[in-house]
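Each chain, letter by letter, is given below.
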Amino acid sequence: MALKVAVQMDHISTINIAGDSAFALMLEAQARGHELYHYTPDRLAMRGNEVFCTMEPVKVRDEKGSHFTFGESLRFNMREMDVVLMRQDPPFDLAYIAATHLLQKIHPDTLVVNDPMEVRNAPEKLFVTEFADLMPPTLVTRDKAEIDLFREEYGDIVMKPLFGHGGAAVFRLTRDDLNYGSLYDFFAATFREPWVIQQFLPNVKHGDKRILLVDGEFAGAVNRVPAAGDLRSNMVRGGAPTDSDLTDRERDICARLGPSLREKGLILVGIDVIDGWLTEINVTAPTGIRAIRKLGGPDVAAMVWDVLEAKVKG
């Protein structure tokens, strides 16, 4: 049974197909005979309780520089779709939140992945605090006195914006770092939200493991090793992907998270683990599908579509 699949994403012309998980999901859907439609979130329109969108039928190819072909644009009531993949990248801002409200109008009659209400209620650096015992010591605040106390206790810390993404504006501060005052002023002037302050984990030099879960079950993992001279392991910041098995501790983390993710309708989730400590739960547009496959790991895109087809068919 062919499904109508709408993909809400950053414009497909701008993506890096080598690492883009949305593109991996589109390739798998097309291989299964599903109809693919492409749109950017600014095209959504709500009238009453109905949501409309003009989108392009799209064919995809795993060819850099020639990876898509559009058909003629068509206007749909979004309820005509069987599945909507909500895959635009953060920032998790008011535009992102507004799109979740609109898509909530059609879910679950149309299956939206991930559940838009749960995505809205699960900011990635806050949702993870529901499992605080699995995390390194963590503070969420913009109050300097609280940061001072945390820094006095733990010394070596990492500071990052609460709604940051892709490794942007992640800083390490040592106990005697004279840049602390200036960095605090920079954050205060730049970011209106609170910030995340965590104890620095020195073994990040050995990698920050991205683990993908599909419908609450472990699906695959890739270890991301920071480039020389960089704190950040994100692949968009030069982190090198290497294949990886799970440790017993990481399996325990997956087992703890799985039931909650399944209950919330968070079908594709990426968690980040450093030296056995859970640091983030990524529910918006988790990456790693293509890296895992290229390293000889499981076909996570196929796992996702097995789950989605079963849910649509009931």
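Worth saying up front: this structure is predicted, and the values here are computed from it rather than measured. (Residues numbered from 1 in each chain as written. Predicted model: local features only at pLDDT ≥ 70, side-chain atom pairs only at ≥ 80, totals over all residues. Heavy atoms only, no water.)

(A) Region of the structure containing the sheet that holds strand β17 (residues 277–282). The strand order across the open sheet built from five strands is β15-β14-β13-β16-β17, with neighbouring strands paired in antiparallel fashion. The open sheet has two edge strands with one neighbour each: β15 (240–243) and β17. Ignoring strand direction, the axes of neighbouring strands in this sheet form an average angle of 30 degrees. Two elements, strand β14 (residues 217–225) and β15, share four bridges in a ladder whose sense is antiparallel. By the bridge assignment for β15, Val222 is matched with Asp243. The strands that helix α7 (residues 248–263) touches are β13 (208–214), β14, β16 (268–274) and β17; relative to β16, the one it contacts most, it runs at about 150 degrees. Sheet strands touched by helix α9 (residues 300–313): β13, β14 and β16. Its angle to β13, the strand with the most contacts, is close to 30 degrees. (Pairing = 2+ DSSP bridges. Helix = DSSP H or I, 4+ residues; strand = E, 2+ residues; numbered from the N terminus. Axes fitted to C-alpha atoms, helices over the stretch in contact; angles between N-to-C directions. Contact = heavy atoms within 4.5 Å.)

(B) Spotlight on the sheet that holds strand β9 (residues 138–141). With antiparallel pairing, four strands are arranged side by side in an open sheet as β9-β12-β10-β11. Bordering the open sheet on either side are β9 and β11 (171–173), each of which pairs with just one other strand. The mean angle between the axes of side-by-side strands here comes to 25 degrees, regardless of whether they run parallel or antiparallel.

(C) Expanded view of helix α6 (residues 180–190). Considered for burial, the residues of α6 that qualify are Tyr180, Leu183, Tyr184 and Phe187. Around the axis of α6, the buried residues are gathered within 105 degrees of arc, so they sit on the same side. Among the exposed residues of α6, those pointing more than 90 degrees away from its buried face are Ser182 and Ala189. Those residues of α6 that are buried are in contact with α5 (144–154), β10 (157–161), β11 and β12 (195–199). (Buried < 20%, exposed > 50% of the residue type's maximum accessible area, 1.4 Å probe, protein only. Arc of directions from axis to C-beta.)

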